[in-house]
Structure formats: C-alpha cells, structure tokens
Amino acid sequence: MGQWLIFTDLDGTLLDAQTYRWEPATEGLTIIHERNIPLIPSTSKTHLEVEDVLQKLDLKCPFITENGSAVFIPQYECLSADDTDERIGPYRVKILGQRREQVLGFLRKLKSEFNLSIRSFSEMTLKEISRLTGLSQDEAIKAKERLFSEPFILTQKTDMASIRDYCEKHGFRLLRGNRFYHLLGDSNKGKAARYVKKIYQADQQKGIKTMALGDSPNDFEMLLEVDQPVLVRKYDGSYAKGLNIDKVYQTKAYGPAGWNEAILKFLI
C-alpha cells in the first residue's frame, strides 16, 4: 500500500469542542507535515471557516464543507478532478448536495408542513450566532456565509423522527450536530470522502491507505468509507452511539488529544 490519506472532522475532533484549540494535536500534525500526508478536513463549517483553520495549521489540501455538501480542491493541486462543477475563489468545487437557495426553500416548506418553531442561521443576528457558538463576530460572519446548508435550533420540543423521514423522502437530509440541526441536500461526509479517495487514487502509482477521525453520528458515513476508522471520545467522556464497525479504534483521550493519540498509534 502507498501513502496515508487522512480525513478528519474538526469541531470536537481535531479542534476542542469548547475552545476550538488544536494544541494537544501538535505532535500528530507535525508527523503529517513531515511525511507530506494529505489531511482532508471534513466538517459542517463553511469554506471560509475552513480556510482560517488551514491557515492556522499551515495545511494546504482539499477539504469537505457543510457536512459533505461540497469538495473544495485548490487550483494548485494537480489532481484528476475533471468533473468539478464550478470555481469559487481559488478552488475547483465538486457539489454533492443542494445549493442554499433550495435548502432554504425546503426549510420554509418544513416549517409550514410541521408547524415548526425554529430559528435558523439566516434569521439570526451575528450576535446570536456568536453567543450560541462562542465565535467572534468576524468568525460568525464566515459561519453565516453558507452555500449548501442551513443550521438551526428548535425553540420548542419537537419529534424530529418523522421530520427526518419527510426530508429523506424529498431528497434532503436532517443531521444533528454538537450544537445545531443541519438541513442539507442528499449528501454526506461518506460520499464526499469516496470522491476524494477516487481522485487521489487516480493520481497515485501505488494504492492508498485511508483513515478517518470523527466524534459524532454525522461522521459515521465517513468512518465507514476508510481502512481505519477512529471514533474520538467526547468532552464529557462518552462516545457517539450507533456506529457498528468491528475495526473502529476508540480513543481514550477526548478531542484533539484523542485525535493525536490515534495519529501516533497508526503512523508511528
């Protein structure tokens, strides 16, 4: 087998769920830099938010945004991705989900059909988003600039199972993240990881070994797509429930320390 290709969730995994810091993962990140291993963020964040993370971590690589809705490939990456849909800034973009206008239109239909009492990002002020996420105002601006999905909170108790089924019947998905529900098209992190694997395999002379690290149910499809899945322990000491894979490695440490633990275990 050839080089590793690693997919990683951000919040709660590579980044601390409370502080968004990554310092406990420094040793693993250093190994990845030294070996020039592609590290592919796969996150609910927007492309503007991911750009900030990549800059801080000195990473230059493709990335997956808005829970698998799109793959962003830097134009300087000589990867065989000839089927991308458009260019956004310095990226070739493969769109796997729905554009935000369609998502917002379906959200309005959901609110009417189920008499939902919710508040979504498009309705929130920057101050509200900052309060709910702990982001600065500048960071909240980038979090609000979504292209393919819409996060929201419930303002009254609601049975979400029937709503989730309704979304799937109409070509949409409803995900539960650490802080918000996310409405998006029929895409997920697993489909996006499969696409990235395909373009890397097309450019490699040898095969690739794949690893994915995540902490939440919205990471499960991604973990199912790789040779070595890693389930990172949560801040409260628990693990996300519902993942049935025999070969999954569950970290003892939580957040970025757990991420670092797994990288050292499999790369050293």
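Everything below is about the structure printed above this text.
Definitions and limits used
Residues numbered from 1 in each chain as written. Predicted model: local features only at pLDDT ≥ 70, side-chain atom pairs only at ≥ 80, totals over all residues. Heavy atoms only, no water. Phe/Tyr/Trp six-rings, centres within 6.5 Å; stacked < 30°, edge-to-face > 60°. Buried < 20%, exposed > 50% of the residue type's maximum accessible area, 1.4 Å probe, protein only. Helix = DSSP H or I, 4+ residues; strand = E, 2+ residues; numbered from the N terminus. Pairing = 2+ DSSP bridges.

Caption draft 1: Molecular detail of the packing of aromatic side chains. Counted under the stated rule, the structure contains 10 aromatic pairs. Taken together, a centroid distance of 5.2 Å and an interplanar angle of 5 degrees make the contact between Phe-63 and Phe-72 stacked. Judged by relative accessible area, which is 0%, Phe-63 ranks as buried. Given a relative accessible area of 1%, Phe-72 falls into the buried group.

Caption draft 2: Local environment of unusual backbone geometry. One non-glycine residue, Tyr-20, lies in the positive phi region at around 65 degrees. Relative to the assigned elements, Tyr-20 resides in the loop between β1 (4-8) and α1 (26-34).

Caption draft 3: Quick look at the pairing of strand β8 (residues 149-154). Two strands pair when backbone bridges link them, and strand β7 (residues 118-120) and β8 are joined in this way by three bridges, in the antiparallel orientation. Considered in β8, the bridge of Ile-118 is made with Leu-154. In this structure, β8 lies alongside strand β10 (residues 181-185), joined through four bridges in antiparallel fashion. Within β10, the residue paired with Ser-149 across the bridge is Leu-184.

Function-wise, these values are silent; they only describe arrangement.
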